[in-house]
Amino acid sequence: MYNAIIAEDSKPILRNLQMLIRSAGLPVQVTATASNGLEALEHLKSRPADILLTDIRMPKLDGLGLIEQAKKLNPRLQTVLISGYSDFEYARRALNLQAFDYLLKPVDQGQLVDVLSRLLEQLREQQENERRLLEGVVEADYLAEMTLDTELLAGEKRLMLVRQRPFATESKFWDIESIAAALKDFFNIEAFRVLPSQQAGQFVIMMDEGVFIERNDAGILKESFAERLRFDEASVVEALKNAGLSAVALAAAQHVELRTLSAAYGKLERTVRDRLTVSGCLASSLTGEQEVGASEAAKLAIQVQLAELIVQRQKERFLLLLRQSLPYWLHASARMMSLERLVIFLTDEFGVGRQESAIETSGEKVPDAVNSEPEFRTLFAAASPEVFAESLYEWCAAKFDRLQEPGKRGGEELFEQIDRHLRQNLYAQISIAEAAQQFHVSPSYISRIIKRYTGSTFVHHYMELKIDEARRLLASEPDMKVKHVSDALGFGDPHYFSKVFKEYAGCSPTEYKDKLA
């Protein structure tokens with residue numbers, strides 16, 4: 001539903017416009033009316049609208065002045081001028097102010113529906129363009145369902161990024177509703193939006209600039225919400241902490257519009273990612289981290305040693321080195337980014353190890369079916385660095401156990417799947433290339449698996465299954481002709497079918513039928 005404001009000093013014309021809009025069947029609702037331009041401008045300041053319909057000649061502030069001022073408040077506002085025939089030159093000037101169109105008095109239903117229908121189509125296109133500006137900032141599924149209302153999109157905003165502190169245990173859910181409720185209670189204001197960002201556990205707060213919290217007893221406006229957030233992210237952290245939510249917060253230094261939102265968000269996101277420490281603080285700079293016994297170069301050297309121990313299947317030595325060196329990643333001033341990279345590195349190395357185990361057993365690289373993302377999230381959901389460390393030890397030990405599992409089991413399962421697929425397609429023609437595509441492995445690997453468990457090639461095994469089915473048909477359907485059996489099983493040429501049948505069964509199809517008689 002789109003919100004409209006009507007500015008018209010003639011009450012009969014105003015009532016007629018309201019009635020025409022209600023009966024037009026369009027998704028437009030009149031949220032305010034005004035008898036002069038200044039009154040309309042105040043409405044637009046307090047409640048942003050999508051559409052402004054305004055008369056040209058009004059007291060205090062005419063339609064042209066209103067459009068000019070309203071566009072400064074909300075550049076995306078769509079305006080329609082209402083004019084008489086004698087005011088046509090004014091209408092031309094209004095078009096220069098980017099008014100969408102004009103309505104001639106007396107306004108009739110057809111004229112109004114035509115103008116509003118075209119205007120609504122432009123608004124929809126505009127909203128799709130604005131939705132694209134939010135891509136890369138707001139989580140994709142949420143963005144697809146959210147309503148792009150005027151309050152969210154109009155004017156300049158203050159922007160803040162909040163994310164859950166590392167290794168924090170919460171008494172409430174870390175979600176939009178809990179965060180919004182905490183901020184509303186603390187700041188006594190509703191003029192903000194909480195949106196989920198692309199990063200899990202991280203949210204964007206957008207606030208209207210110039211909104212004040214409240215008046216004191218003397219009626220004097222207290223510190224503005226935007227100013228308070230600009231200089232003191234700690235107040236937001238405090239608000240969330242009071243609600244049982246442990247957070248890290250960072251605000252953009254400058255006001256943002258929708259077109260600059262993505263760039264501002266990207267800068268905040270990179271800053272938080274680069275400077276967030278294990279203790280849950282934002283380091284003041286990218287340099288100056290007080291390392292405890294290991295530089296980044298030393299950490300890299302340790303990772304190389306860990307990778308070599310994975311390749312060598314040295315489980316005990318690996319776990320000992322990990323236990324000794326993990327404090328380098330977990331001390332209070334260490335970067336979370338460095339710890340996350342370590343876990344991603346280990347995940348990749350264990351994945352390569354599983355692939356190498358498959359190569360050693362079968363000679364072919366098999367895709368690892370394990371999805372590591374849930375495991376990754378589970379590890380970092382630990383209540384403390386100490387709990388994280390123990391969970392990581394257990395996780396790595398389990399990964400080593402999987403590396404040491406015999407590869408035969410995986411080969412047996414794949415053979416059973418291939419064999420079942422071939423049996424289900426005896427009345428078709430399945431090539432080894434098609435089977436490889438079906439099971440996401442190479443044709444040579446299919447060939448080796450079939451050879452290992454049948455002693456035959458792929459073609460011979462498939463052909464044997466087809467001939468077994470031919471025997472069953474000839475035995476269960478005595479009147480069925482050999483040609484029909486050949487055609488049904490995809491041989492096409494009965495002579496070729498007879499030759500293959502004799503090769504596998506030791507006699508021709510006709511001789512086989514005679515033996516059954």
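Residues numbered from 1 in each chain as written. Predicted model: local features only at pLDDT ≥ 70, side-chain atom pairs only at ≥ 80, totals over all residues. Heavy atoms only, no water.

Visitor: Looking at this structure, I do not really get helix 19 (residues 432–439). What am I missing?
Guide: Within an α-helix, residues lying three or four positions from one another point in the same direction, as the helix has 3.6 residues per turn. Of the positions making up helix 19, those classed as buried are Ala435, Ala436 and Phe439. For helix 19, the arc enclosing every buried residue in end-on projection is 100°, short of the 170-degree limit, so these residues lie on one face. Phi turns positive one or two residues past the end of helix 19, at histidine 440, with a value near 60°. (Buried < 20%, exposed > 50% of the residue type's maximum accessible area, 1.4 Å probe, protein only. Helix = DSSP H or I, 4+ residues; strand = E, 2+ residues; numbered from the N terminus. Arc of directions from axis to C-beta.)

Visitor: Got a minute to help me understand the side chain of asparagine 36 in this structure?
Guide: Examined against the element boundaries, asparagine 36 turns out to sit in the loop between strand 2 (28–34) and helix 2 (37–46). Among the polar contacts listed, one links the side chain of asparagine 36 to the backbone nitrogen of leucine 38, at a separation of 3.1 Å. Residues within four places of asparagine 36 in sequence aside, it is in contact with Met58, Pro59, Lys60 and Leu61. (Polar contact = N/O pair within 3.5 Å; in protein donor to acceptor, adjacent residues only side chain to side chain. Contact = heavy atoms within 4.5 Å.)

Visitor: Sorry if this is basic, but what is going on with the nonpolar core here?
Guide: Within soluble globular proteins, side chains that are nonpolar generally end up buried alongside one another. If you look at the biggest cluster of nonpolar residues, it comprises 34 residues, and the most contacted ones within it are Phe318, Leu326, Leu339, Phe388 and Leu392. Of all elements in the fold, only helix 12 (296–311), helix 13 (315–325), helix 14 (327–330), helix 15 (336–362), helix 16 (373–380) and helix 17 (385–403) reach the threshold of two or more residues within this core. With 9 residues, the single largest contributor to this core is helix 17. Excluding anything up to four places from it in sequence, leucine 339 contacts Phe167, Leu326, Trp329, Leu330, Phe380 and Phe388. (Core = buried A, V, L, I, M, F, W, Y, C linked by side-chain atoms within 4.5 Å.)

Visitor: Explain the pattern of salt bridges to me, please; I cannot follow it from the model alone.
Guide: Pairs can form between side chains of opposite charge whenever their charged atoms are close. Enumeration according to the criterion identifies 19 salt bridges in this entry. In this structure, aspartate 401 engages lysine 315 in a salt bridge whose closest nitrogen and oxygen atoms are separated by 3.0 Å. Placement of the pair is aspartate 401 in helix 17 and lysine 315 in helix 13, with a sequence separation of 86 residues. Accessibility expressed as a relative area gives 19% for lysine 315, which makes it buried. (Salt bridge = Lys/Arg side-chain N within 4 Å of Asp/Glu carboxyl O.)

Visitor: Hey, could you run me through the confidence of the model for the chain in this one?
Guide: Do not read the fine detail of predicted coordinates wherever pLDDT is low. In the predicted model, the chain carries a mean pLDDT of 81, and the fraction of residues at 70 or more is 83%. Every residue in residues 211–231 scores below 50 in pLDDT, and together they form 42 contacts with partners more than four places removed in sequence or on other chains. (pLDDT = per-residue confidence, 0-100.)

Visitor: Explain the packing of helix 8 (residues 176–187) against helix 10 (residues 233–242) to me, please; I cannot follow it from the model alone.
Guide: For any two helices packed against each other, the geometry is given by the interaxial angle and the distance between the axes. Between helix 8 and helix 10, whose axes approach to 9 Å, the crossing angle comes to 110°. On the basis of the axis angle, helix 8 is roughly perpendicular to helix 10. Between helix 8 and helix 10 lies a crossing whose hand is right-handed. Residues Ile179, Ala182, Leu183, Phe186 and Phe187 of helix 8 pack against Ser235, Val236, Glu238, Ala239, Leu240 and Asn242 of helix 10. Its residues assigned to classes, the contact of helix 8 with helix 10 comprises 8 nonpolar, 2 polar and 1 charged. (Axes fitted to C-alpha atoms, helices over the stretch in contact; angles between N-to-C directions. Parallel < 35°, antiparallel > 145°, perpendicular 65-115°, else oblique. Left-handed = near helix turned anticlockwise from the far one by under 90°. Nonpolar A, V, L, I, M, F, W, Y, C, P; charged D, E, K, R; others polar.)

Visitor: Could you clarify how one ought to interpret the sheet that holds strand 9 (residues 247–251) in this entry?
Guide: Through backbone hydrogen bonds, the strands of a sheet pair up, either in parallel or in antiparallel fashion. An order of 7-8-6-9 is seen for the 4 strands of this open sheet, with the pairing classed as antiparallel. Looking along the sheet, the strands with just one partner apiece sit at the ends: strand 7 (192–196) and strand 9. Ignoring strand direction, the axes of neighbouring strands in this sheet form an average angle of 25°. Pairing of strand 6 (residues 157–164) with strand 8 (residues 202–208) involves 7 bridges; the strand directions are antiparallel. In the strand pairing of strand 8, valine 162 is matched with phenylalanine 203. Against the sheet, helix 8 engages strand 7 and strand 8, with an angle of about 155° to strand 7. (Pairing = 2+ DSSP bridges.)

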